[in-house]
Amino acid sequence: MKEEPLSISQLYNKGKETLEKQGVTKWFPPDSNIEGSAQANRRYLDSLFFVPKFFDPVEVDTSCTILGAKLKTPVFCSPLSKTDFLPDNGLAEIARGVGNAGALMMLGIGSSKELQDAIDTGAPVVKMVKPYRKTELIYEKVRDAKSRGCKAVGMDIDHFYGRLLGDRVDRTEVFGPQHTEELRQVIAQAKLPFIIKGVLSVSDAEKAVELGASAIVVSNHGRGAIDFTVPSMIALPGIVDSVGNKVTVLVDSGFKTGNDILKALAFGAKAVGFANSMLLAFAADGSAGVEHLINLLTAELQRTMAATGCPNLSAVTGAIISQAPTPG
Ligand SMILES: Cc1cc2nc3c(=O)[nH]c(=O)nc-3n(C[C@H](O)[C@H](O)[C@H](O)COP(=O)(O)O)c2cc1C
């Protein structure tokens, strides 16, 4: 009998089981006992419901262009970096799966070789540069990314104050707050679309626009930056209202399904990022697992777009969402 392909939850479970067998139960960020923004984001996503429109069926097209890259689906692999359990070619193999599924790959901190290997798979690649205290390193990394053919570069500004690991902060000696005028120079000299990642307030979004960014990622770094920042899905609509017609607004942190993607698109995001989910899919079945995950996310997105009467991404609006009544 032919085996049924794995569903989204089966793929995640297989990835978790595979990692557990290797002794990996927690990776990034390690848990603390605090229920923070990630859980609040999940609760909020789960309180949003679709308003169906079953009559007048539509054919659905999820294609889009993000940062100049033509994609089959509004999905990106959020910036990833090498982590202990990934094999040496792990990031490139994730990029291969991402590219095969017609999505966008983003890489975070890491070497030029990792970046080149990912680009060599043919996937469209974006490089996210850290807010290094050594400013020259920022310019160097941006130049390197441009010379290798990245579609865009960016910076995760939510690591200005170091990286949060559970309830411990590290890398404060390496990463630091960037002077606004210096950032303006970095963005101007990049001569590539520049993304500011880690935006959670209207004021940071407006500043990013003013500094010349082409895109922002509304993100809380998946609990890797500051605890109890406003959850990305809650911050998203206000940010879209203020800068959505000036920059491409992307979002990540805690998204797991195709329906999650549609909720974020309905709130004005142009594409949705997945990091931990990509790692699970890779652990489950290498680059084929990553490709399968994105295809499953896209299939669920398409099905619910059809059921809410949206033939393409520009037809998706807040009107397809109904919010759960608040208790009490
Ligand atoms: C192993 C790992 C490495 C990461 N490295 C970076 C990085 O270098 N730069 C960055 O901006 N974000 C980095 N992130 C954060 C992700 O890009 C993303 O914002 C976060 O994990 C939330 O998405 P998720 O809930 O889908 O995992 C990393 C995440 C993981 C899991």
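Residues numbered from 1 in each chain as written. Predicted model: local features only at pLDDT ≥ 70, side-chain atom pairs only at ≥ 80, totals over all residues.

**Some thoughts on the nonpolar core**
Logical step 1: Of all hydrophobic cores here, the largest spans 97 residues; its most connected members are Cys-77, Ile-216 and Met-278.
Logical step 2: With 14 residues, the top contributor of residues to this core is helix H10 (residues 276-307).
Logical step 3: The residues touching Cys-77, leaving out its near neighbours within four places in the chain, are Ile-94, Val-98, Ala-103, Met-105, Met-106, Phe-274, Ala-275 and Met-278. (Core = buried A, V, L, I, M, F, W, Y, C linked by C-beta atoms within 7 Å. Buried ≥ 20, exposed ≤ 12 C-beta atoms within 10 Å, placed from the backbone. Helix = DSSP H or I, 4+ residues; strand = E, 2+ residues; numbered from the N terminus. Contact = placed C-beta atoms within 7 Å.)

**Some points on the pairing of strand S11 (residues 215-218)**
Logical step 1: Alternating positions in S11 separate into two faces, Ala-215 and Val-217 on one and Ile-216 and Val-218 on the other, with burial throughout.
Logical step 2: Two elements, strand S10 (residues 194-199) and S11, share four bridges in a ladder whose sense is parallel. Paired with Ile-195 across the two strands is Ala-215, which belongs to S11.
Logical step 3: Pairing between S11 and strand S12 (residues 248-251): four bridges, direction parallel. Within S12, the residue paired with Val-217 across the bridge is Leu-250. (Pairing = 2+ DSSP bridges.)

**Focus: helix H4 (residues 112-120)**
Logical step 1: Taken residue by residue, H4 has Glu-114, Leu-115, Asp-117, Ala-118 and Ile-119 as its buried positions.
Logical step 2: At its buried positions, H4 is contacted by helix H3 (90-100), strand S5 (104-107), strand S6 (125-129) and helix H5 (135-148).
Logical step 3: Directly beyond the C-terminal end of H4, a positive phi value near 95° is found at Gly-122.

**Topic: the environment of Arg-171**
Logical step 1: Turning to its location among the elements, Arg-171 is positioned in the loop between strand S9 (168-170) and helix H6 (180-190).
Logical step 2: Exposure remark for Arg-171: the 17 C-beta atoms within 10 Å place this residue in the partly exposed category.
Logical step 3: Along the backbone, Arg-171 and Phe-160 are 11 residues apart, and their C-alpha atoms lie at a distance of 9.8 Å.
Logical step 4: Apart from residues lying up to four places away in sequence, Arg-171 is in contact with Gly-162 and Arg-163.

**Quick word on helix H2 (residues 37-46)**
Logical step 1: The set of residues buried in H2 consists of Ser-37, Ala-38, Asn-41 and Leu-45. Take H2 and look down its axis: the buried residues cluster within an arc of 100°, on one side only. Residues of H2 that are exposed and point more than 90 degrees away from the buried face comprise Arg-43 and Asp-46.
Logical step 2: Looking at the buried side of H2, the elements it contacts are strand S1 (48-50), helix H8 (232-243) and helix H9 (258-266). (Arc of directions from axis to C-beta.)

**A few points about the site of the ligand**
Logical step 1: What surrounds the ligand is a group of 24 residues, the closest being Ser-78, Gly-108, Asp-156, Gly-222 and Ala-275.
Logical step 2: Going through the elements one at a time, strand S4 (75-80) and H10 are the ones with two or more residues in the shell around the ligand.
Logical step 3: Looking at side-chain class alone, the shell around the ligand contains nine nonpolar, 12 polar and three charged residues. (Near = placed C-beta within 6 Å. Nonpolar A, V, L, I, M, F, W, Y, C, P; charged D, E, K, R; others polar.)

**Observations regarding the packing of H4 against H5**
Logical step 1: One can describe the packing of H4 onto H5 by two numbers: an axis separation of 10 Å at closest approach and a directional angle of 25°. Here H4 lies roughly parallel to H5, going by the angle between them. Crossing hand, H4 versus H5: right-handed. Within the contact between the two elements, H4 uses Ser-112, Leu-115, Gln-116 and Ile-119 and H5 uses Asp-144, Ala-145 and Arg-148.
Logical step 2: Tallied by class, the residues present in the contact of H4 with H5 amount to three nonpolar, two polar and two charged. (Axes fitted to C-alpha atoms, helices over the stretch in contact; angles between N-to-C directions. Parallel < 35°, antiparallel > 145°, perpendicular 65-115°, else oblique. Left-handed = near helix turned anticlockwise from the far one by under 90°.)

**Looking at the environment of Ala-235**
Logical step 1: By secondary structure assignment, the location of Ala-235 is in helix H8.
Logical step 2: Note on Ala-235: 25 C-beta atoms within 10 Å, which makes it buried.
Logical step 3: For the pair Ala-235 and Val-202, spaced 33 residues apart in sequence, the C-alpha separation works out to 8.2 Å.
Logical step 4: Ala-235 has contacts with Leu-200, Ser-201, Val-218 and Val-230, leaving out every residue within four places of it along the chain.

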